[in-house]
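Summary of the model geometry
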Amino acid sequence: MNRLLLPSLLFAFAGPTWAAMVTQTVPYEIDGKPFEGTLVYDDAVKTPRPGLLMVPNWMGVTPAAADQAKGIAGQRYVIFIADMYGKGVRPTKPEEARAAATAVRGDRPLMRKRAQAGVEMLKAQGAKVPLDLASLGAIGFCFGGGSVLELARSGAPLKGFVSFHGNLDTPNPADARNIRAPVLVLHGADDPAVPKTQVDAFTAEMTAAKADWQLVSYGGAVHSFTEPGANVPGRNEYNPKVAARAYQAMNDLFDEVFTGTR
């Protein structure tokens, strides 16, 4: 079995490997405003590893996001979880998360700026941990998936971008011509938050831009299919089988773009 498919699988085998997992709060600033991200890595690995920017779901930088990052990172990656809201904004319920996410989604230049700041903070961690600065990518979940796609549209010089059940819309579809690396969208075919019209518009956008892109549509999956806490049937629902397939697809893409193998 692959070393890492799904965070919940790693929890089942918690032991010596988990003892080496590190999470560190990383303060930083954007335009003088304080932000706090989280660095996640296995300090038992001494050789340089690829780095991933992770933009979490609309709840932002939370313990759940850190646990998710631990499962993804394993011994493969160093992960920096970006703070898209600011140090003082930590939603505790969906209504607060919706307000925070809507404010950022409504200003795409701001969204891109904050995601790019996360990339810069990821790079800066190379002074602390063994990080392969030539092998950097970005992943995002729900709101974070849409943020990562905007980062790709901005022309960010990363090796790959992966969106898990993320929003696909953009006010500036022509910006897709700026995309410089493969884009992988992992989508629930029955996701009511990302309707077919949005999927069709994204397909047309990527095709017109001649981007290197893939969209994997998982039958029977809805929004938040990677999140163990999602339990709103028909809308936001964890699907462990689909989650495992999606994480494998992510690893396959990064194996390709980081090492040239699949």
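The model shown is predicted, which means the values in this text are computed figures rather than measured ones. (Residues numbered from 1 in each chain as written. Predicted model: local features only at pLDDT ≥ 70, side-chain atom pairs only at ≥ 80, totals over all residues. Heavy atoms only, no water.)

With respect to the nonpolar core
In summary, soluble globular proteins display a tendency toward joint burial of nonpolar side chains. Core analysis: the biggest nonpolar cluster contains 46 residues, and Tyr28, Leu53, Met84, Leu151, Leu158, Phe161 and Val183 have the highest contact counts within it. The element that contributes the greatest number of residues to this core is helix α5 (residues 108-124), accounting for six residues. (Core = buried A, V, L, I, M, F, W, Y, C linked by side-chain atoms within 4.5 Å. Buried < 20%, exposed > 50% of the residue type's maximum accessible area, 1.4 Å probe, protein only. Helix = DSSP H or I, 4+ residues; strand = E, 2+ residues; numbered from the N terminus.)

Thoughts on the layout of surface pockets
In this structure, the largest pocket encloses a volume near 860 Å³. Together, 32 residues line the largest pocket, and Asn57, Trp58, Cys142, Ser224 and Glu227 are the ones closest to its centre. If you list the elements that add at least two residues to the lining of the largest pocket, you get α1 (7-12), α3 (63-73), α4 (94-105) and β9 (231-232). (1 Å grid on protein atoms, 1.4 Å probe; cavity = no way out; pocket = protein on both sides within 12 Å on 5 of 7 lines; lining within 4 Å. Points joined across faces, edges and corners; volume = space filled by probe spheres on them.)

Section: the UniProt feature "domain: Dienelactone hydrolase" (unreviewed entry) in the protein chain
When the UniProt feature table is mapped to this numbering, "domain: Dienelactone hydrolase" (unreviewed entry) covers residues 38-257. For residues 38-257, helix accounts for 38% and strand for 21%, while the C-alpha atoms at its two ends are 25 Å apart. (UniProt positions renumbered as here; feature names shortened; annotations may be inferred.)

So, unusual backbone geometry
Backbone geometry places aspartate 31, a non-glycine residue, at a positive phi of 50°. Structurally, aspartate 31 can be placed in the loop between β1 (21-30) and β2 (33-42). Using a relative accessible area of 65% as the deciding quantity, one classes aspartate 31 as exposed. Of note in the backbone geometry, lysine 210 takes a positive phi value of approximately 55° without being a glycine. Following the sequence through the fold, lysine 210 ends up in the loop between α7 (196-209) and β8 (213-218).

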